[in-house]
Amino acid sequence: MVKGITAVKEYPQSEIDQLKYLMDEYGEEIKRLAFTYTKNWQQAEDITQEIFISAYNHLNEFREQSTIKTWIYRIAINKCKDYVRSWHYTKTLLTNTFYQKSNSLSPEEVYLESEQKEQIGKLILQLPIKYREVIILYYFKEFSLEEISATLGINLNTVKSRLRRAKKNLETKMDMRGGGYHG
């Protein structure tokens, strides 16, 4: 059994059950993270499978130096970076992956908000990976700066610097596209 995560709601004993638990708990988030790297849903699903196979093969190596969430995200980011460096990688457009629609708005407001979010999503995916990953982990996955530092294996000050530069880069791109985001 993997140490350090037994406090989580009735964590399973067998490795197969642990894998099922991890897939249920983090599968959708990991797939969305993979999509931010690949920009292709089919490839994101394939990489997600590889991530969980790798996690399963290394469950016995989890050493409680981080949370299980940070550990699996680290595996995911490394697999995604390997893919991006591979010859298989091709760029495609984003089709609005990060956001959920609100039912409390009028249809017109929902449409405008959707368009703004899609535009921001496209701009995020145009950022260099080192900026894109900190934006996604911080704003969309709600990781703390310390968790991002541990997950990416970089200094905390580097995380802060990349986050600041990513925001500035996004602001510049939004201004160039017509006055920025006012949402």
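Quick caveat: nothing in here was measured; it's all calculated off a predicted structure.

1. What to know about the packing of helix H5 (residues 129-140) against helix H7 (residues 156-176)
Following both chains from N to C, one finds H5 and H7 inclined at 100°, their axes separated by 9 Å at the closest point. By the angle between their directions, the pair H5 and H7 is classed as roughly perpendicular. Contacts between H5 and H7 involve Lys130, Tyr131, Glu133, Val134, Ile135, Tyr138 and Tyr139 from the former and Arg162, Leu163, Arg165, Ala166, Lys167 and Leu170 from the latter. For the contact of H5 with H7, the per-class residue count stands at 8 nonpolar, no polar and 5 charged.

2. Describing the packing of aromatic side chains
According to the stated counting rule, one finds 4 aromatic pairs in the structure shown. Ring centres 5.4 Å apart and planes at 65° place the aromatic pair phenylalanine 62 and tryptophan 71 in the edge-to-face group. The two residues phenylalanine 62 and tryptophan 71 agree in class, both being buried. Centre to centre, the rings of tyrosine 138 and tyrosine 139 are 4.8 Å apart; their planes meet at 90°, and the pair counts as edge-to-face. Overall, tyrosine 138 belongs to the partly exposed group, its relative accessible area being 31%. Classification of tyrosine 139 as partly exposed rests on a relative accessible area of 40%.

3. A short note on unusual backbone geometry
Unusually for a residue other than glycine, glutamate 142 sits at a positive phi of about 55°. With respect to the helices, strands and loops of the structure, glutamate 142 is situated in the loop between H5 and helix H6 (145-152). A relative accessible area of 65% places glutamate 142 in the exposed class.

4. Observations concerning the packing of helix H1 (residues 15-38) against helix H3 (residues 68-85)
Where H1 contacts H3, the axes come no closer than 10 Å and their chain directions differ by 30°. Our classification of the angle between H1 and H3 gives roughly parallel. Both H1 and H3 take part in a crossing whose hand is right-handed. In this structure, H1 uses Leu22, Tyr26, Glu29, Ile30, Leu33, Ala34, Tyr37 and Thr38 to contact H3, whose residues at the interface are Ile68, Lys69, Ile72, Tyr73, Ala76, Ile77, Cys80, Lys81, Tyr83 and Val84.

5. Structural notes on the side chain of serine 54
By secondary structure assignment, the location of serine 54 is in helix H2 (residues 41-57). For serine 54, a relative accessible area of 16% puts it in the buried group. If we skip the residues at most four places from it in the chain, serine 54 touches Ile75 and Lys79.

6. Remarks on the nonpolar core
In terms of nonpolar packing, the biggest core is built from 44 residues, with Leu22, Ile30, Leu33, Trp71, Ile72 and Leu137 touching the most fellow members. Of all elements in the fold, only H1, H2, H3, helix H4 (107-126), H5, H6 and H7 reach the threshold of two or more residues within this core. Examining the composition of this core, we find that 10 residues originate from one element, H3, more than from any other. Tryptophan 71 has contacts with Ala55, His58, Leu59, Phe62 and Ser66, leaving out every residue within four places of it along the chain.

The rules behind the values
Residues numbered from 1 in each chain as written. Predicted model: local features only at pLDDT ≥ 70, side-chain atom pairs only at ≥ 80, totals over all residues. Heavy atoms only, no water. Axes fitted to C-alpha atoms, helices over the stretch in contact; angles between N-to-C directions. Helix = DSSP H or I, 4+ residues; strand = E, 2+ residues; numbered from the N terminus. Parallel < 35°, antiparallel > 145°, perpendicular 65-115°, else oblique. Contact = heavy atoms within 4.5 Å. Nonpolar A, V, L, I, M, F, W, Y, C, P; charged D, E, K, R; others polar. Phe/Tyr/Trp six-rings, centres within 6.5 Å; stacked < 30°, edge-to-face > 60°. Buried < 20%, exposed > 50% of the residue type's maximum accessible area, 1.4 Å probe, protein only. Left-handed = near helix turned anticlockwise from the far one by under 90°. Core = buried A, V, L, I, M, F, W, Y, C linked by side-chain atoms within 4.5 Å.

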